[in-house]
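These are the residues of each chain, in order.
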Amino acid sequence: MAEAAKRALPAEDGPPAKLARLGDDVVAAMPSGANYIETNGRSCTHEVLWPPGVEGSMLPPQQRHGAPAREYPFQVDPFQQTAINALEAGHNVLVAAHTSAGKTVVAEYAFAMGLRDRMRVVYTSPLKALSNQKYRELAQEFGDVGLMTGDVTINPHATCLVMTTEILRSMLYRGAEVVREVGLLVYDEVHYLRDAERGVVWEESIILAPKACRMAFLSATIPNSSEFAGWVAATHGSPVHVVYTEYRPTPLQHYLFPAGAEGLFMVVDARGVFRDDNFQAAVAALQDSTAAAATKGGAGKGKGQAKTVRGRGCTPQGDAAAIPCAGRVCNDVTSQLLRESASLYFAVFIKGARCLSHMCSSVEVLPAVGKAMLLAASCLDMQHW
């Protein structure tokens, strides 16, 4: 953001929503203590958490003088520029933004900083597949990039390393030389910290990280971002900037697919408006389908719920339907469906079941595979195992 075009406004000048008319580049103090930043019609909020007993500026850091470590062929969004400025200032940063908002720009700039300043940068992700994907993208862009996932190790002495968070924790436990040289850590999908089973991996790796290194946390929108940033600031004794944006570049729409319906019913449009007319139409279609099934004598306890989840077309000749829930919720729902709809099992397996049936016997006995086989027989599919 241009320094001359930026001006600070007191909180009493009005709510941040009204600041769009005040200029191209705006930084305004909010009553909560955060800052509202707007550039070219895009906006974000910013706040900084300092360690206990330390006082510092609550304003977003200024852009670094001189040439940036990396330039982009497009105008970066305010949340991206604010996060980059925080890294250049030597501080930690937490970026919370929706999927596809452009959080990877911050990770790419961190790699560029590592190559410019000749310091080691580590990028971590919760999944091996995601690590492999990021390695291919970053290696193509920067060249001096390595990969460590436990299964595959490529160029482990590279300046920039991509690895799973579990690998990083193991290296921190061992006191490996690589982690002692790290100057910047990038945690992608850091909201996994809230996971009851795997969250401890992120917690321990953050605690054990070298005190001198900077950290960039990339996450989807999280409700307690300030609490998390305050914990990191107290643990490492360095400030943490929280950059939050509600901008969603990929529109989110919600649809209902009632059993027996002829198509989808959009109940929430891309603007977040609830479509009551479509919802009522979906309910009516479901009621008509239920009444028709009852007339034919096919209605039974638990059947309505199972058919609603399966959706239209889940016959022995049809495909399986997905249950779009979180992992634990998905397990609970599918287990309940299996208990309540035991009489509804189909004898014909879908393609996934036929593929699994050709696996070796040692694979078939795995609990996840066994449950998938059972669900496939019921024309159900788990989105998360």
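Residues numbered from 1 in each chain as written. Predicted model: local features only at pLDDT ≥ 70, side-chain atom pairs only at ≥ 80, totals over all residues. Heavy atoms only, no water.

1. Things to note about the confidence of the model for the chain
Part 1 of the argument: Taken over all residues, the pLDDT of the chain has a mean of 75, while the share at 70 or more is 68%.
Part 2 of the argument: In the predicted structure, residues 340-353 sits below a pLDDT of 50 and forms 27 contacts with residues beyond four places in sequence or in another chain.
Part 3 of the argument: Across residues 359-364, where pLDDT falls below 50, the model places 6 contacts with residues more than four positions away in sequence or in other chains. (pLDDT = per-residue confidence, 0-100. Contact = heavy atoms within 4.5 Å.)

2. Describing helix 8 (residues 276-295)
Part 1 of the argument: Across its 20 residues, helix 8 extends 28 Å between first and last C-alpha, which sits within 8% of the 28 Å expected from 1.5 Å per residue.
Part 2 of the argument: Turning to helix 8, its buried residues are N278, A282, A285, S289 and A293. End-on view of helix 8: buried residues confined to an arc of 70 degrees, all on one side of the axis. Exposed positions of helix 8 whose direction lies more than 90 degrees from the buried face are Q287, D288 and T295. (Helix = DSSP H or I, 4+ residues; strand = E, 2+ residues; numbered from the N terminus. Expected span 1.5 Å × (residues − 1). Buried < 20%, exposed > 50% of the residue type's maximum accessible area, 1.4 Å probe, protein only. Arc of directions from axis to C-beta.)

3. Section: unusual backbone geometry
Part 1 of the argument: Here R118, not a glycine, exhibits a phi torsion of approximately 55 degrees, which is positive.
Part 2 of the argument: Along the polypeptide, R118 turns up in the loop between helix 2 (104-117) and strand 6 (120-125).
Part 3 of the argument: Look at E189: it is not a glycine, yet its phi comes out positive at around 55 degrees.
Part 4 of the argument: With respect to the helices and strands, the residue E189 is situated in the loop between strand 10 (182-187) and helix 6 (199-208).

4. Observations concerning the environment of R120
Part 1 of the argument: Within the secondary structure, R120 sits in strand 6.
Part 2 of the argument: Residue classification places R120 among the buried positions, given a relative accessible area of 11%.
Part 3 of the argument: Sequence spacing of R120 and C213 is 93 residues, and the spatial spacing of their C-alpha atoms is 9.8 Å.
Part 4 of the argument: In this structure R120 touches P156, H157, A158, T159, L161, V178, E181, V182, G183 and L184, once residues within four positions along its chain are discounted.

5. Observations concerning the pattern of salt bridges
Part 1 of the argument: By the definition in use, this model includes 12 salt bridges.
Part 2 of the argument: One salt bridge in this structure joins R42 and D77, with 2.9 Å as the shortest N-O distance. On the criterion of sequence distance, the pair formed by R42 in strand 4 (residues 42-49) and D77 in the loop between strand 4 and helix 1 (78-88) is long-range, its members being 35 residues apart.
Part 3 of the argument: Assessed through its relative accessible area of 32%, R42 is described here as partly exposed.
Part 4 of the argument: Between R64 and E88 there is a salt bridge, with the nearest N and O atoms lying 3.6 Å from each other. Remark: E88 occurs in helix 1 and R64 occurs in the loop between strand 4 and helix 1; sequence separation between them is 24 residues.
Part 5 of the argument: For R64, a relative accessible area of 39% gives the class partly exposed.
Part 6 of the argument: A cluster of three or more residues bridged by salt bridges with shared partners is formed by R64, E88, R116 and D117. (Salt bridge = Lys/Arg side-chain N within 4 Å of Asp/Glu carboxyl O.)

6. Here's the deal with the nonpolar core
Part 1 of the argument: In this structure, L87, V93, F111, V145, V162 and V186 are the most contacted members of the largest nonpolar core, which totals 36 residues.
Part 2 of the argument: The dominant element in this core, judged by the number of residues it contributes, is helix 2, at 8 residues.
Part 3 of the argument: Setting aside residues up to four positions removed in sequence, V186 forms contacts with A107, A110, V121, V122, Y123, T124, A216 and L218. (Core = buried A, V, L, I, M, F, W, Y, C linked by side-chain atoms within 4.5 Å.)

7. Section: helix 6
Part 1 of the argument: G199, V201, W202, S205 and I206 are the residues of helix 6 that are buried. The arc that holds the buried residues of helix 6, viewed along the axis, is 160 degrees, so those residues lie on one side.

8. A short note on the packing of aromatic side chains
Part 1 of the argument: Counted according to the given criterion, the structure contains 7 aromatic pairs.
Part 2 of the argument: Taken together, a centroid distance of 5.9 Å and an interplanar angle of 45 degrees make the contact between F111 and F142 tilted. Within this pair, whereas F111 is found in helix 2, its partner F142 is found in helix 3 (residues 128-142), the two being separated by 31 residues in sequence.
Part 3 of the argument: By relative accessible area, F111 is classed as buried at 0%.
Part 4 of the argument: Ring centres 6.1 Å apart and planes at 40 degrees place the aromatic pair F228 and W231 in the tilted group. With F228 and W231 both in helix 7 (residues 225-236), this residue pair falls 3 residues apart, about one helical turn.
Part 5 of the argument: Taken together, the ring pairs in this structure connect Y187, F217, F228 and W231 into an aromatic cluster. (Phe/Tyr/Trp six-rings, centres within 6.5 Å; stacked < 30°, edge-to-face > 60°.)

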